Amino acid sequence: MRTVGKHLHVARILANGRVSFPSNISVGLEIPAAGDLGIPESERGLYAAVSAPILNRSLRGNDWFIRRSIATARYKHVILDLVLVENTDFHGLQWLGDLRDFLENRETVLRIRALPPLELVLKFAGWESSSFAAWQKV
Amino acid sequence: MNYEAVISCAPVPWPGGHSFLLQEVGPKKVIEHWSDALTEASHSLTLCMNEPDHALLDYISSSFPLSKRVSVRLNVPPEAAEGCSFFETDGSIKLRSGATLQPFLPASNPAEVWFRVVKRWLEELETKGSSLPEIETQPTPGVVVGHHCRISPDTQLIPPCWIGNRATLRSCTIGPFAAVGEKSIVSQKTRITNSYVKSGTFVGEGLCLDGLVVGGKRILEHSTGRAAQIIDPSMLCPV
């Protein structure tokens, strides 16, 4: 995947289900197939992975690529992979909430892939179960 | 009649780390609710421990009321007992005469059993009140509020729920099936349903507690036993 900011890596999921931006940078993640993600064939998605162990204020300002891509390429789906993230603080939650609001305003669906402890923390902070898709189980 | 119970002190993942019998159920511990159920029917209880649980032994010997007829034995008798007492999966306390002894907890997740004990207790609050009805108030049926609480006028209390002594609630929604322990603080815009806030816990702003037990810096989903740590003290921390 392509690194677009500190701890943030992205890949494009094309309409035919292929993934572009497969760079040499490995963050220890495997991108699920587009079919597993539930993205319709006619739509495109953006796959973003965070490699920081803690979601905190360091991610702020690093999500410009997601925002610009949504604004220009009109992705309908953003998959945020937080499998490498162990926990989050208030600033990390605020960043996630801001990103969700930004995407909702552009009718883009945000779904999160997280390990069970982080999922529990996000639900504690008010995230609904529908934000976590079935494929997120790892 | 004396009922015996086989106690094992398996480690528990929930906040506080104490054994099942020392978990809070309102102002009391589970062991007190258990002994109350037997004392009401003029029975006594003998806890047969597989291995010593020192915290439980200390609690019973030092702070457990003498009026409650509970004794402890540090082994499990090989012969059949006069009777056996144990918890069912639905949180009810069972008494079985002449039965062979069986573990006091079902094989399922202990946190789930514990929260069912809490739910049963909350359901009975309206009719029975808690242990100190003379210093508690029931603003509406099923809502029991302890003494010296500070509750803002726009706080919603939905029965059944229990607010412990000296708790502070600010513009939040509590209930149904929620308990806020003594000296806890719940901040504004937080919703607590089907959950338990343990004593002396600060809960931050705008959070959603549904199906959780929170205390110290940890949260636990009681239906699954999944636990997580909260690293930000503005969200959750001990008072």
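About the criteria used
- Residues numbered from 1 in each chain as written.
- Chains lettered and ligands numbered in written order.
- Predicted model: local features only at pLDDT ≥ 70, side-chain atom pairs only at ≥ 80, totals over all residues.
- Helix = DSSP H or I, 4+ residues; strand = E, 2+ residues; numbered from the N terminus.
- Rg over C-alpha atoms; globule rule 2.2 N^0.38 Å.
- Contact = placed C-beta atoms within 7 Å.
- Buried ≥ 20, exposed ≤ 12 C-beta atoms within 10 Å, placed from the backbone.
- pLDDT = per-residue confidence, 0-100.
- Domains from an automatic or database assignment.
- Pairing = 2+ DSSP bridges.
- Nonpolar A, V, L, I, M, F, W, Y, C, P; charged D, E, K, R; others polar.

Student: What's the story with the overall build of chain B in this structure? I'm lost.
Tutor: Regarding its fold elements, chain B presents three helices and 23 strands. The C-alpha radius of gyration of chain B comes to 18 Å, within 12% of the 18 Å expected for a compact globule of 239 residues. Its C-alpha atoms give chain B principal-axis dimensions of about 60 × 40 × 30 Å. Sequence separation of 24 or more characterises 42% of the internal contacts of chain B that already satisfy a separation of 6 or more.

Student: Is there a simple way to think about the overall build of chain A in this case?
Tutor: When helices and strands are counted, chain A shows four helices and eight strands. Order of helices (α) and strands (β) in chain A, N terminus to C terminus: β-β-β-α-β-β-α-β-β-α-β-α. Residue burial in chain A is summarised as follows: out of 138 residues, 33% are buried. Looking at chain A alone, contacts between residues at least 24 apart form 68% of all its contacts between residues at least 6 apart.

Student: Got a minute to help me understand unusual backbone geometry in this structure?
Tutor: A negative phi angle is the norm for most residues apart from glycine, just as the trans form is the norm for most peptide bonds. All names here are of chain B. In this structure, the amide linkage connecting P159 to the following residue, P160, adopts the cis form with an omega of -5 degrees. Within the fold, P160 resides in the loop between β10 (156–157) and β11 (161–163). The backbone of S42 sits at a positive phi, close to 60 degrees, despite the residue not being glycine. Tracing the chain through its elements places S42 in the loop between α1 (30–40) and β4 (44–49). S42 gets classed as exposed once you count the C-beta atoms within 10 Å, which come to 8. Of note, the phi angle at R166 is positive, near 60 degrees, even though the residue is not glycine. Note on placement: R166 falls in the loop between β11 and β12 (168–169). Judged by C-beta crowding, with 18 C-beta atoms within 10 Å, R166 ranks as partly exposed.

Student: For this particular structure, what's the right way to read the confidence of the model for chain B?
Tutor: Averaged over all residues, the pLDDT of chain B equals 87, while 92% of them reach at least 70. For this predicted complex, the interface confidence comes out at an ipTM of 0.84, alongside a pTM of 0.86.

Student: Before we go on, may I ask you to explain the domain arrangement of chain B in this structure?
Tutor: Much of the literature gives interface size as the accessible area that the parts lose upon coming together. Examined at the domain level, chain B breaks down into domain 1 (2–107) and domain 2 (128–238). One C-alpha centre belongs to domain 1 of chain B, the other to domain 2 of chain B, and the line joining them spans 27 Å.

Student: Help me understand the sheet that holds strand β13 (residues 173–174) of chain B, please; the structure alone is not making it clear to me.
Tutor: Sheets are built from strands paired through backbone hydrogen bonds, the pairs being either parallel or antiparallel. With parallel pairing, the four strands of this open sheet are ordered in space as β10-β13-β16-β19 (chain B). Sheet topology places β10 and β19 (208–210) of chain B at the edges, where each strand pairs with a single neighbour.

Student: When you look at the interface of chain B and chain A in this model, what are you seeing that I'm missing?
Tutor: Contact with chain B, which involves 15 residues of that partner, is made by 10 residues of chain A. Elements with a minimum of two residues in the side of chain B that touches chain A: β19, β21 (218–221) and β22 (227–229) of chain B. Across the side of chain B that touches chain A, the residue classes tally to nine nonpolar, three polar and three charged.

Student: How do you make sense of the sheet that holds strand β15 (residues 185–186) of chain B when you look at a structure like this?
Tutor: All names here are of chain B. One open sheet accounts for five strands, arranged β9-β12-β15-β18-β23; its pairing is mixed. Looking at strand neighbours, the two that pair on one side only are β9 (150–151) and β23 (236–238), the edges of this open sheet. In the sheet, β9 pairs with β12 via two bridges, with the strands oriented parallel. The residue bridging R150 from the neighbouring strand is T168, located in β12.

Student: So what exactly am I meant to see when it comes to the pairing of strand β4 (residues 45–50) of chain A here?
Tutor: Remember that side chains alternate between the two faces of the sheet whenever the strand is regular. Among the six residues of β4(A), six are classified as buried, and the element is accordingly described as predominantly covered. Burial of β4(A) is two-sided: the residues A:G45, A:Y47 and A:A49 facing one way and the residues A:L46, A:A48 and A:V50 facing the other way are all buried.

Student: Just checking my understanding: could you explain helix α4 (residues 116–124) of chain A for this structure?
Tutor: In an α-helix, one full turn covers 3.6 residues, which means residues spaced three or four apart are oriented alike. The element α4(A) is largely enclosed, with a buried count of seven among its nine residues. Taken residue by residue, α4(A) has A:L118, A:E119, A:L120, A:V121, A:L122, A:K123 and A:F124 as its buried positions. On its buried face, α4(A) is in contact with β7 (87–88) of chain A together with β19, β20 (212–215), β21 and β22 of chain B. Immediately beyond the C-terminal end of α4(A), within one or two residues, lies A:G126, with a positive phi of roughly 105 degrees.

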